[in-house]
Every structure is written in structure tokens, then in C-alpha cells.
Amino acid sequence: MSLRKFITSKTTAALAVLFTVFANTSVFAQDAAAGAAAAPKVDMGEVYKSVVFYILVFLAICLFIAIIGKAIRVYELSREAQGKPVGINWNRVNSSLFALFLVVGLYGVYWEYTVHGSMLLPDAASVHGKRIDDMFNLTLIITTIVFIATHILLFGFSYIYKYSAKRKAYYYPHNNTIEKIWTIVPALVLTVLVLMGFLTWRSIFYKVEDPKNMPIQIEMTSEQFKWSIRYPGADGIVGHKNYKLTTASNTLGIDFKDLKSRDDQMADEMVIPVGKPIKLLLTSKDVIHSFYMPHFRVQLNTVPGMQTVFEFTPTITTAEMQQKTNDPNFEYLFYCAKICGSGHYNMKKVVRVVSMAEYKTWLAEQQTYLNDDLRKQFNLPVAPSKVEAGTDSAATDSAAVKTNQMALNK
């Protein structure tokens with residue numbers, strides 16, 4: 001081989017390019033290593049938290065894909081200009097990608113069920129919660145079967161019936177039998193699900209009260225950014241309130257003309273007895289909030305100017321749930337599930353489910369809403385503990401109301 005041919009050969013040129021690139025890379029790597037050793041360490045944590053960083057990464061990935069696409073296009077055009085057959089069979093590539101996506105997608109479904117499946121819902125701790133879970137699980141099973149079957153057909157057909165010059169597509173415009181199947185079967189399945197949901201809804205919201213097992217009333221009042229919990233007194237009925245009566249001292253606007261409101265009690269946590277129906281009276285002072293108890297499958301909006309009622313029966317005490325979850329620090333909680341402002345995240349309180357004996361003991365320790373300051377403000381008689389023995393405090397309160405109508409109507 002002559003020297004001229006050796007210099008101009010493609011192999012020699014390629015080797016020269018590789019040698020040059022390797023040499024330059026080595027020099028740059030040495031300089032970079034020396035600079036890194038001398039320069040102080042930079043904390044990249046804030047950079048990784050920046051939205052701009054991820055936008056730049058996304059744009060870089062898009063640019064890389066575009067460059068690869070252009071290179072492939074140049075390769076195809078060069079083969080076409082040389083009269084050579086197409087180098088890449090894109091029909092085969094796309095069909096293989098469909099098959100790959102099917103396998104990866106099915107594995108993703110399996111992974112979601114095995115890893116995140118237990119995170120869907122916590123254990124139900126109410127009677128109606130079990131019914132909701134049964135309905136949810138049935139819907140999830142049906143939709144999962146349909147999802148897997150339809151995607152196997154979609155991606156499978158795309159792979160099997162990819163374009164081939166050796167065969168001609170079969171023209172199949174219509175089939176009455178198939179039309180009937182995919183119309184009637186989904187209609188029947190949806191009818192079953194709708195009826196199941198309707199019956200479950202009625203069983204939750206339309207209950208016949210048992211006179212021997214009346215529910216315990218608990219009023220929950222939401223405001224930015226806290227909850228106020230009011231229990232009834234010995235009469236078992238939460239008294240009326242009126243937002244027009246709200247003052248700095250009467251923050252809930254309790255109407256003391258209603259004798260049933262005078263023995264109502266306030267609490268910093270919700271304590272409820274297991275196996276006893278609980279009737280929640282939900283309302284709001286300012287904006288719309290959402291009362292959410294995930295373990296009891298309760299979530300309803302609290303709306304200013306109206307009262308929402310929901311009844312449920314707890315089935316698992318806090319102590320039993322601590323044993324069931326193997327977590328001695330477990331606590332039931334209720335939250336605000338509506339983004340109501342900057343302090344939304346802090347709107348939560350503890351719920352304790354206890355035995356009836358523990359509940360009665362705890363309730364006896366709670367203070368009444370009507371304190372001495374409110375009694376003085378509305379000219380009501382002193383607290384029953386300060387009334388002389390044998391005095392009928394309710395009758396005294398009634399007399400005081402008649403002489404204090406103007407104060408209450410302001």
C-alpha cells in the first residue's frame with residue numbers, strides 16, 4: 001500500500017479521530033480532576049430542588065432524542081441515495097415496542113398491587129366502612145380484569161398484525177354479534193355496580209333509629225384553622241346556635257334561650273364508645289371545609305349556614321387497632337380534606353374509640369361551654385354547683401331567660 005493510500009484510507013482517518021478524541025478527553029479529565037480537588041465543594045441540594053433544573057434536564061433529553069432522530073434520518077437518506085434497501089424496518093421496531101410496553105405495563109400493574117396495594121385504604125373501623133370497602137374492591141377487580149384484557153388485545157393485535165408486504169389486510173367493517181356482546185355485557189356490569197352503590201348509599205344515609213340504641217350527638221364546627229367539638233349534656237341533645245349570636249366570648253354563637261344548650265360540653269379530642277351509633281352534626285363558621293375520617297370512611301363538607309348530618313358506628317377501639325397494626329403509637333385522626341388556606345395542614349384532631357365505661361368517665365370530666373363569664377354576660381343564674389341544695393336550676397334558668405330577652409336578641 002502506498003503512503004498516499006494509507007493516509008487517505010477511511011480506517012486511518014477513523015483511527016486518527018479516535019486517537020485525537022481520546023487524547024483530548026484525557027487532558028480535559030486531568031484538568032477537571034485537578035480543578036475539582038482545588039475548588040471547594042458546592043452543595044447541589046438546592047439546585048436539585050429547583051424547577052428550572054428539571055426543565056433544563058427535560059430539554060436536554062428532548063434535544064438528545066432529536067439528534068438521534070436526525071442521525072437515523074440521515075442514515076436512511078444515504079442508503080436511499082445509494083440505491084440500497086431500507087436499513088431499519090420501522091414496522092417491526094414499532095410492533096416490538098408495543099410488545100415491550102405490554103410486558104412492562106402488566107408488570108407495572110402487578111408491582112402496584114403488591115407494593116402500593118396495602119396503601120389504598122386503611123382498615124375500616126366502622127360498620128358502613130366494610131360495605132364501602134366491599135363495593136370498592138368489587139369495582140377494582142372488575143376494572144382491573146377489563147384493563148388487562150383490553151390492553152393485551154390492543155398491544156397483541158398491534159404486534160401480530162403489523163404491516164407485511166407478503167399479506168393483505170382483511171376488510172371487516174361490521175359484526176352484529178360482537179356489537180351486541182360489547183354493548184350488553186358492560187351495561188349489565190354497570191347496572192350491578194350502580195345498584196350496589198345505590199343500596200349501599202341508602203343503608204348509610206337512610207337509617208331507622210332504634211329507640212333502645214339512640215345515637216350520641218357530636219357537633220363539629222370548622223373554622224380557619226381549627227375544629228370545635230361540642231358534646232350534649234345529660235339531656236343527650238346538642239343545643240341550638242345562631243351565627244348572629246357569635247361574639248368574642250360566645251365564639252360558637254350558642255343560643256342560651258334553648259335550655260338544651262346550657263349543659264353542652266366542649267372537648268379537645270373526639271372520644272366515642274365502640275359499638276354505639278354516633279351522629280355527627282357538621283357546620284362551618286367561615287369557608288367550606290371537609291370533615292375526613294379515613295378509618296371510618298367518613299368525608300363530608302362543612303358548609304357555612306347549613307348543617308350536614310352523618311351517622312356511623314365504630315367497631316374497633318383504639319387499643320384493638322394498635323394491636324392489629326402492631327403500632328403502640330397508633331391514633332385515629334380526623335382532618336380537613338379541603339384546601340382552606342395556609343393553615344389547612346394543621347386542621348386535625350385525635351379520635352379515641354373506647355369502651356362505654358371509659359367514655360362515661362371521660363365525659364364526666366369535660367367542662368361545659370356555658371362558663372361563669374357567659375352566665376354574667378347573659379345574666380344567667382350561677383352554675384348548678386353554686387346553687388343551694390334543692391334549688392331547681394333549670395327553672396331558675398327559665399326565669400332568667402324571660403328577663404334577658406333583649407340581651408340575647410342583640
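Analysis parameters
Residues numbered from 1 in each chain as written. Predicted model: local features only at pLDDT ≥ 70, side-chain atom pairs only at ≥ 80, totals over all residues. Heavy atoms only, no water. UniProt positions renumbered as here; feature names shortened; annotations may be inferred. Salt bridge = Lys/Arg side-chain N within 4 Å of Asp/Glu carboxyl O. Helix = DSSP H or I, 4+ residues; strand = E, 2+ residues; numbered from the N terminus. Buried < 20%, exposed > 50% of the residue type's maximum accessible area, 1.4 Å probe, protein only. Pairing = 2+ DSSP bridges.

The name given to the chain in an unreviewed UniProt entry is Cytochrome c oxidase subunit 2, and the organism recorded there is Pedobacter jejuensis. The record in UniProt for the chain states the following under Sequence similarities (unreviewed entry): "Belongs to the cytochrome c oxidase subunit 2 family."

Asks: Explain the pattern of salt bridges here, please?
Replies: Side chains bearing opposite charge may pair, as long as their charged atoms lie close to each other. One pass over the full model with this rule turns up seven salt bridges. Arg-297 is the partner of Asp-133 in a salt bridge, and the nearest nitrogen-oxygen pair spans 2.8 Å. You can see Asp-133 sitting in helix H6 (residues 127–160) and its partner Arg-297 sitting in the loop between strand E6 (289–293) and strand E7 (298–302), a full 164 residues away along the chain. You'll find Asp-133 and Arg-297 in the same group, each marked buried. Note that Asp-264 and Arg-230 form a salt bridge whose closest N and O atoms lie 2.6 Å from each other. Pair noted here: Asp-264 is in the loop between strand E2 (226–231) and strand E3 (265–267) and Arg-230 is in strand E2, with a separation of 34 residues, a long-range link.

Asks: Help me understand the pairing of E6 in this model?
Replies: One face of the sheet, then the other: side chains in a regular strand alternate in exactly this way. Burial runs high along E6: four of the five residues are buried. Both E6 and E7 contribute to a ladder of five bridges, which runs antiparallel. Bridging across to E7, Tyr-292 finds its partner in Gln-299. Between E6 and E7, which pair antiparallel in sequence order, lie four residues; one of them, Arg-297, sits at a positive phi of approximately 55 degrees. Note that E6 and strand E9 (residues 332–336) share two bridges and pair antiparallel.

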